[in-house]
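In case you want the letters, here they are:
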Amino acid sequence: MRNKTWWIVGLVIALAVTLVSPLASPWPDGLERVAEDHGFMDAEAEPFYEIIPDYVLPGIPSESLATILAGVVGVLIVFGMALGAGYALRTRGPEGEAR
Amino acid sequence: MIAATSWLIPSLLPKAMHIPDGFLSLTIAGLAWLLSIAALAYAITKTNRQLGEKQVPLMGVMAAFIFAAQMLNFPVAGGTSGHLIGAALAAILLGPWAGMLVMTSVVVVQALLFQDGGLIALGANILNMAVIASLVGYLVYAIMQRMLGGRAWVNLASAFAAAWLSVFVASLACAVQLGLSGSSPLQVALPAMGGIHALIGVGEGLITMGALAFITATRRDLVESRPAASQGGDL
């Protein structure tokens, strides 16, 4: 696959993964489990502000759809950020080399 | 009753959780910020010298995939779930420094936009999941490649080991931070965090192997052109 085709396919795969995000296991993750079992879950402080808390886009009636849309928003933003960082830091030449 | 049925009620679903504010003392959180900033400054310098044009879109795709995959908690054991970190995959494909920057973009967006991980604790989350996990993943992969050669099965076995150990060591680092912060004694936090993440690491290993196999099958050149990996590491 050519480079451009490939990275478009890669981005589409990432977006496709968000479609199954509502099926994620609801169980507490490793850190949360340890915090609950060993009594320091209560130490958790409220966030300073909330934009898309818990990966659920506010204002969407369906929680599954809200989760997918939150995922799409996140995917596109981190894609842009990492691409921008790479573009700013790249060396000329396809393989990269010490200058 | 609530505990037994809460998993049925969507609005009560617990979600993936990075270290929130409140778990770490200000001293430990501040120290983690300093270490992360130092590591990232170095990562930027190294990436500026190593990153080829061909790898620029790969950075974006890796960040996108890792963000999405981190939302997919998979069940492990005892009512506990885990999710991908992705640092080993990013470090194997991009080298530890560009990989670190990819992971940092994911963890920063999760904290700023999704309130996953605290803002004060963000330095520690970057340190564990971007800095430590990338370095461990890369080193394990590079050392196994050097010892066993670059055959296809070695690549996959190295990827599994790199991914597993990156999760395990990152979880121990988190346990040390919790211990030093006084949230949980070290003799409790270390085995608890290490134990559950030894299981979660198996999932990390399988996903990392799968993703690497896919990328090798479709774009072998991207796997082979990763910065300096074939020379066994340029740290």
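Below or above, wherever it landed, is the structure these notes cover.

1. Describing the overall build of chain B
The secondary structure content of chain B amounts to eight helices and two strands. When the elements of chain B are put in sequence order from the N terminus, they spell out α-α-α-β-β-α-α-α-α-α. Among the 235 residues that make up chain B, the fraction classed as buried is 60%. The contacts in chain B between residues at least 6 apart in sequence include a share of 75% that link residues at least 24 apart.

2. Points about the overall build of chain A
Per the secondary structure count, chain A includes three helices and zero strands. Reading chain A from its N terminus to its C terminus gives the helix and strand order α-α-α. Reported as C-alpha extents along the three principal axes, the dimensions of chain A are approximately 55 × 35 × 25 Å. The buried share of chain A, reckoned over its 99 residues, is 37%. Excluding contacts between residues fewer than 6 apart, the proportion of contacts in chain A whose partners are at least 24 apart in sequence is 43%.

3. A closer look at helix α4 (residues 87-114) of chain B
In an α-helix, one turn spans 3.6 residues; hence positions three or four apart end up facing the same way. All names here are of chain B. Compared with an ideal rise of 1.5 Å per residue, which puts 28 residues at 40 Å, α4 spans 20 Å between its outermost C-alpha atoms and falls more than 12% short. Where α4 bends most, the angle comes to about 125 degrees, and this point is G95, followed within four residues by the proline P96. Along α4, 25 of the 28 residues are buried, which leaves the element largely enclosed by surrounding structure. At the exit of α4 stands Q115, carrying a positive phi of roughly 55 degrees.

4. Remarks on the environment of S64 of chain A
Inspection of the secondary structure puts S64 of chain A in helix α3 (residues 63-89). Considering only alpha carbons, one finds S64 of chain A and D37 of chain A, 27 residues apart in sequence, at a separation of 29 Å.

5. Notes on helix α5 (residues 122-148) of chain B
Residues and elements named next belong to chain B. Here α5 spans 37 Å end to end across 27 residues, near enough to the 39 Å set by a 1.5 Å rise per residue. Maximal helix bending in α5 amounts to about 30 degrees, located at A133. Of all 27 residues in α5, 21 are buried, a share of seventy percent or more.

6. Some points on the interface of chain B and chain A
Contacts between the two partners involve 70 residues from chain B, matched on the other side by 60 residues from chain A. Only α2 (26-50), α3 (56-70), β1 (74-75), β2 (81-82), α4, α6 (152-181) and α7 (186-218) of chain B provide two or more residues apiece to the side of chain B that touches chain A. Per element, the largest residue contribution to the side of chain B that touches chain A is twelve residues, and it comes from α3 of chain B.

7. A short note on the environment of A124 of chain B
All names here are of chain B. Along the chain, A124 turns up in helix α5. Looking at A124, the number of C-beta atoms within 10 Å reads 28, which means it is buried. With 50 residues separating them in the primary sequence, A124 and C174 have C-alpha atoms 7.8 Å apart. In this structure A124 touches I19, L24, A29, A32 and Q177, once residues within four positions along its chain are discounted.

Scoring rules and cut-offs
Residues numbered from 1 in each chain as written. Chains lettered and ligands numbered in written order. Predicted model: local features only at pLDDT ≥ 70, side-chain atom pairs only at ≥ 80, totals over all residues. Helix = DSSP H or I, 4+ residues; strand = E, 2+ residues; numbered from the N terminus. Buried ≥ 20, exposed ≤ 12 C-beta atoms within 10 Å, placed from the backbone. Contact = placed C-beta atoms within 7 Å. Expected span 1.5 Å × (residues − 1). Bend = angle between axes of the 7 residues up to and from the residue.

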